[in-house]
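Observations on the three-dimensional arrangement
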Amino acid sequence: MASIENAAEPDAWFKVERGVFTAGGRWTIAQSARLDQQLRGLETGSNEAIAMDASGIERLDSTGAWLLLRTRRALESAGRTVSALKVPERYTSLLENLDRNDPTRHAHPRGPRMSPWRYRLYRIGKATMHAGHQGWGILGYLGRVTVETGEMIASPRKNLRFAAMVNQIEETGISALPIVGLLSFLIGVVIAYQSIEQLRKFNAEFLTIDGLGIITLREMGVLMTSIIVAGRSGSAFTAQIGTMRVNQEIDAMQTMGLNTVDTLVLPRIIGLVISLTVLTLYADVMGLIGGGLMCYFNLGITIPAFLRELQHAVSLNTLMVGLIKAPVFAFVIALVGCYEGFQVERNAASVGQLTTRSVVESVFLVIVLDAAFSIMFSVLGI
Amino acid sequence: MMATEKSKDSPDKKDVIIRIRGLVNGFGHKIIHDHLDLDVYRGEVLGVVGGSGSGKSVLLRTIIGLNAPREGTIEVFGKRTGFAEGSRMRKLEMRWGILFQEGALFSSQTIAENIQVPLREYTSMSQELMDEIAAMKIALVGLPPDAGQKYPSELSGGMKKRAGLARALALDPELLFLDEPTSGLDPISADQFDKLIAELQKSLGLTVFMVTHDLDSLSAITDRIAVLVDKKITTGTIDELRKNTTPWIQEYFSGPRGHAALAGSH
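Rules used throughout
- Residues numbered from 1 in each chain as written.
- Chains lettered and ligands numbered in written order.
- Predicted model: local features only at pLDDT ≥ 70, side-chain atom pairs only at ≥ 80, totals over all residues.
- Helix = DSSP H or I, 4+ residues; strand = E, 2+ residues; numbered from the N terminus.
- Buried ≥ 20, exposed ≤ 12 C-beta atoms within 10 Å, placed from the backbone.
- Contact = placed C-beta atoms within 7 Å.
- Nonpolar A, V, L, I, M, F, W, Y, C, P; charged D, E, K, R; others polar.
- Axes fitted to C-alpha atoms, helices over the stretch in contact; angles between N-to-C directions.
- Parallel < 35°, antiparallel > 145°, perpendicular 65-115°, else oblique.
- pLDDT = per-residue confidence, 0-100.
- Pairing = 2+ DSSP bridges.
- Right-handed = clockwise from strand over helix to strand, strands pointing away.
- Left-handed = near helix turned anticlockwise from the far one by under 90°.
- Core = buried A, V, L, I, M, F, W, Y, C linked by C-beta atoms within 7 Å.
- Expected span 1.5 Å × (residues − 1).

1. With respect to the overall build of chain B
- From N to C terminus, chain B includes 11 helices and 10 strands.
- Here chain B holds 266 residues, and the buried ones make up 44% of them.
- Considering only contacts in chain B between residues 6 or more positions apart, those separated by 24 or more positions represent 63%.

2. With respect to the overall build of chain A
- Each helix and strand in chain A was counted, giving 14 helices and 4 strands.
- Counting all 382 residues of chain A, 32% fall into the buried class.
- Contacts in chain A between residues at least 24 apart in sequence constitute 83% of all its contacts with a sequence separation of at least 6.

3. Focus on the environment of E48(A)
Residue and element names in this part refer to chain A.
- Inspection of the secondary structure puts E48 in the loop between helix 1 (29-40) and strand 3 (50-60).
- Of the residues examined, E48 has 9 C-beta atoms within 10 Å and is grouped as exposed.
- Between the alpha carbons of E48 and G79 there is a distance of 8.5 Å; along the sequence they are 31 residues apart.
- Apart from residues lying up to four places away in sequence, E48 is in contact with G19 and R80.

4. Describing the interface of chain A and chain B
- The interface of chain A with chain B comprises 30 residues on the first partner and 28 residues on the second.
- For the side of chain A that touches chain B, the residue count by class is 12 nonpolar, 11 polar and 7 charged.

5. A word on the packing of helix 3 (residues 92-100) of chain A against helix 7 (residues 187-204) of chain B
- Axis separation between helix 3 of chain A and helix 7 of chain B bottoms out at 7 Å; the angle between their running directions is 130 degrees. In this view, helix 3 of chain A runs oblique relative to helix 7 of chain B, as classed from their interaxial angle. Residues S93(A), L94(A) and N97(A) of helix 3 of chain A touch helix 7 of chain B, and the partners they reach there are E199(B), K202(B), S203(B) and L204(B).
- For the contact of helix 3 of chain A with helix 7 of chain B, the residue count by class is 2 nonpolar, 3 polar and 2 charged.

6. Structural notes on the confidence of the model for chain B
Residue and element names in this part refer to chain B.
- Per-residue confidence for chain B gives a mean pLDDT of 81; residues scoring 70 or more make up 90%.
- Of all helices and strands in chain B, the one with the weakest mean pLDDT is helix 1 (residues 2-9) (41), whereas strand 8 (residues 207-211) scores best (91).
- Note that pLDDT drops below 50 for residues 1-12; the model gives that stretch 8 contacts with residues more than four away or on any other chain.
- Reported confidence for the predicted complex is 0.76 by ipTM and 0.66 by pTM.

7. A look at the environment of K137(B)
- The residue K137(B) is located in helix 5 (residues 127-140) in this model.
- Discounting residues that sit within four places of it in the chain, K137(B) has contacts with I115(B), A166(B), L169(B) and A170(B).

8. Here's the deal with the sheet that holds strand 8 of chain B
All names here are of chain B.
- Taken in spatial order, the 6 strands make up an open sheet running 6-7-8-3-9-10, and their pairing is mixed. One side of each edge strand has no neighbouring strand; the edge strands of this open sheet are strand 6 (96-99) and strand 10 (232-236). Here the average twist between neighbouring strands, direction ignored, is 15 degrees.
- Sheet topology places strand 3 (residues 45-50) next to strand 8; 4 bridges connect them, and they run parallel. Looking at the pairing, G47 lines up with M210 of strand 8.

9. Some details on the pairing of strand 7 (residues 175-179) of chain B
Residues and elements named next belong to chain B.
- In terms of burial, strand 7 is largely enclosed, as 5 of its 5 residues are buried.
- Burial along strand 7 is two-sided: the face carrying L175, F177 and D179 and the face carrying L176 and L178 are both buried.
- Looking at chain direction, strand 6 and strand 7 are connected through 4 bridges and run parallel. What sits directly across from I98, in strand 7, is F177.
- Pairing analysis gives 5 bridges linking strand 7 to strand 8, with the strands arranged parallel. The partner of D179 across the bridge, within strand 8, is V211.
- Regarding the hand of the β-α-β motif, the stretch spanning strand 7, helix 7 and strand 8 is right-handed.

10. Digging into the pairing of strand 3 of chain A
Residue and element names in this part refer to chain A.
- When strand 2 (residues 20-27) meets strand 3, the two strands line up parallel, connected through 7 bridges. Residue pairing for strand 3: W27 is matched across the bridge by L60.
- As judged from the 4 bridges shared by strand 3 and strand 4 (residues 82-86), these two strands associate in the parallel manner. When the sheet's bridge partners are listed, I50 is paired in strand 4 with V82.
- Crossover strand 3 to strand 4 through helix 2 (residues 62-77) is right-handed.

11. Some points on the packing of helix 2 of chain A against helix 3 of chain A
All names here are of chain A.
- At a minimum axis distance of 10 Å, the contact between helix 2 and helix 3 shows a crossing angle of 65 degrees. Taken as a pair, helix 2 and helix 3 cross one another with a handedness that is right-handed. Contact with helix 2, carried on its side by S62, A65, W66 and L69, involves L94, L95, L98 and D99 of helix 3 and no other residues of that element.
- By residue class, the composition of the contact of helix 2 with helix 3 is 6 nonpolar, 1 polar and 1 charged.

12. A closer look at the sheet that holds strand 1 (residues 13-17) of chain A
All names here are of chain A.
- Taken together, the 4 strands give an open sheet; going across it, the order is 1-2-3-4, and neighbouring strands pair in mixed fashion. Edge positions in the open sheet fall to strand 1 and strand 4, since each of these has one partner strand only. Each strand of the sheet is rotated relative to its neighbour by a mean of 10 degrees, with strand direction disregarded.

13. With respect to the nonpolar core
- Counting residues in each nonpolar core, the largest one holds 102 residues, and the members touching the most others are I138(B), F177(B) and V208(B).
- Counting residues per element, this core draws most heavily on helix 5 of chain B, which supplies 9 residues.
- Counting 41 residues, the second-largest nonpolar core is a separate cluster that includes V222(A), V229(A), C295(A) and Y339(A).

14. A look at helix 2 (residues 56-63) of chain B
- Within helix 2 of chain B, 6 of the 8 residues are buried, leaving the element largely enclosed by the surrounding structure.
- Every buried residue of helix 2 of chain B is accounted for by K56(B), V58(B), L59(B), L60(B), T62(B) and I63(B).

15. Describing helix 4 (residues 116-154) of chain A
- The end-to-end C-alpha distance of helix 4 of chain A, which contains 39 residues, comes to 57 Å, matching closely the 57 Å that a straight helix rising 1.5 Å per residue would cover.
- Within helix 4 of chain A, only 0 of the 39 residues are buried, which leaves it mostly out in the open.

16. Quick notes on unusual backbone geometry
- The residue Q248(A) is not glycine, and still its phi comes out positive at about 65 degrees.
- Position of Q248(A) among the secondary structure elements: in the loop between helix 8 (208-246) and helix 9 (249-255).
- What makes Q248(A) exposed here is the crowd of 11 C-beta atoms within 10 Å.
- The phi angle at F77(B) is positive, at roughly 50 degrees, despite the residue not being glycine.
- Within the secondary structure, F77(B) sits in the loop between strand 4 (71-76) and strand 5 (79-80).

17. Describing the confidence of the model for chain A
- When pLDDT is averaged along chain A, the result is 87; 93% of the residues meet or exceed 70.
- Helix 13 (residues 325-343) of chain A holds the highest mean pLDDT among the elements of chain A, 95, whereas helix 5 (residues 156-159) of chain A holds the lowest, 68.

The structure is reproduced here in structure tokens:
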């Protein structure tokens with residue numbers, strides 16, 4: 001590793017003899033680490049007067065000058081009277097400048113440190129408060145968006161930005177087709193393969209199709225799609241809106257009287273609700289195709305036979321149970337994504353932090369809501 | 001090294017710190033610098049001015065090695081920059097400090113930590129000494145003591161520049177580059193910043209290379225001015241440049257703003 005200390009010979013020195021502190025050589029930053037250690041070991045000794053003579057110093061920079069001043073202060077606080085600190089003529093202004101600005105002179109003492117346990121407690125409390133504020137904030141935002149949506153439905157002509165919405169459908173829906181399709185297909189393959197292996201033990205391989213159909217339509221299709229979309233589009237919402245905040249574009253819009261919910265949030269929410277619902281249906285189909293292919297290759301079930309068995313196993317209700325969740329998940333993902341975007345502060349690190357938070361929160365909420373749906377459906381007996 | 005030390009005591013003997021010869025810079029077909037020559041002497045404050053797009057910042061970036069020139073040589077402390085490989089460049093970097101336009105402070109670190117970055121990298125100081133040095137530099141640039149614990153986003157524009165200056169001075173450099181140090185400051189803060197730079201330059205014995213638009217700082221603290229005009233550079237003191245007949249230079253120093261700034265200084 002490069003070091004400023006290699007550059008110079010260790011030639012700075014000091015000694016204390018007969019009541020005189022003498023220093024010489026190059027008192028520069030290159031020597032400072034060594035000088036610092038030696039000076040800390042300096043005996044403050046008796047309380048007789050001491051003179052400081054640094055007029056033999058060849059070169060002095062602000063770090064070296066600081067060390068001299070600090071030494072003088074240490075001697076003084078040990079009860080010794082220090083007569084003039086002599087330095088070469090050309091360095092007097094540097095020394096005076098530093099002395100005038102001595103930070104320790106008006107330093108405020110640091111508060112006592114917290115004990116580790118208290119600190120932990122403090123952190124837990126702080127995080128709890130933060131989570132509370134966060135939840136409260138999103139709830140407030142939900143209220144605002146609901147009101148604005150109501151106004152939009154009342155007069156859609158005026159408030160709906162149709163072009164922006166279509167643009168969002170393209171970005172969040174059509175561009176996501178390849179990745180959602182591929183992953184759903186693979187998940188279908190995996191589910192079918194695992195089911196076949198397990199059910200074979202009971203000679204009930206044909207039940208694979210039932211399992212595949214129900215899992216894919218009720219849970220996997222919508223859940224996989226939502227998680228992919230949260231990572232893809234939720235984060236994009238936060239980053240887009242956040243960057244606009246950093247550039248003061250949001251401020252500009254507000255001063256022009258443009259409503260940010262109408263122009264930025266509603267097109268994203270409505271666009272994502274439409275995209276995610278359609279993507280879920282598409283993911284269901286791709287998952288069934290993947291599982292179906294697995295059944296064909298592993299069990300030799302032909303496609304007409306597969307479809308017949310599937311028809312027995314699932315009903316329209318099974319599909320609807322999955323599909324009905326999609327708009328709710330889409331709403332949550334878009335809401336969290338936009339909300340966090342508006343929380344961005346005007347610095348570079350903030351966009352990254354909030355984008356991460358937006359993805360974590362929306363995936364968390366999607367899974368929690370999915371569990372809530374399961375409980376609700378089982379109570380309703382669907 | 002020894003030779004440069006000696007000449008410091010006799011200021012009339014001119015000792016070149018930055019030597020630029022035949023520098024050519026350009027982007028695509030556009031030539032920005034056409035065979036520039038420039039010398040910067042030890043202990044002086046050189047102001048670099050020029051119209052927007054005349055390549056002031058490009059010149060600065062080329063000297064500090066952020067931009068590779070098409071042609072020409074640049075020597076700093078007698079060593080070629082730009083093409084200098086890793087460790088040799090690092091040795092130069094330890095001897096200069098740079099204040100970027102917006103301060104360029106690391107936003108995830110406090111001001112004190114920002115100042116300690118170069119100390120941690122290049123010295124073996126104890127944490128205690130680094131804390132002391134950081135506090136000393138913070139006081140030196142005129143920031144209040146509690147600024148050290150703050151993050152850059154909590155500081156105003158003027159304070160960010162002071163903090164950036166404190167970081168630039170962390171390794172006690174001999175050469176200081178300033179990129180528009182007073183832009184975006186109100187006239188009073190700009191004035192204070194000029195005074196601060198002049199004071200530090202004197203007491204720390206710095207050589208200062210300053211890109212600026214600010215006529216007031218030019219007249220207040222520079223020894224010489226380098227004007228970038230028509231892809232070439234013209235240097236001289238203010239009085240010399242006022243006699244120059246190049247239209248842009250005439251207009252710059254004799255326009256209403258130029259008059260006001262220069263009148264104030266005399």
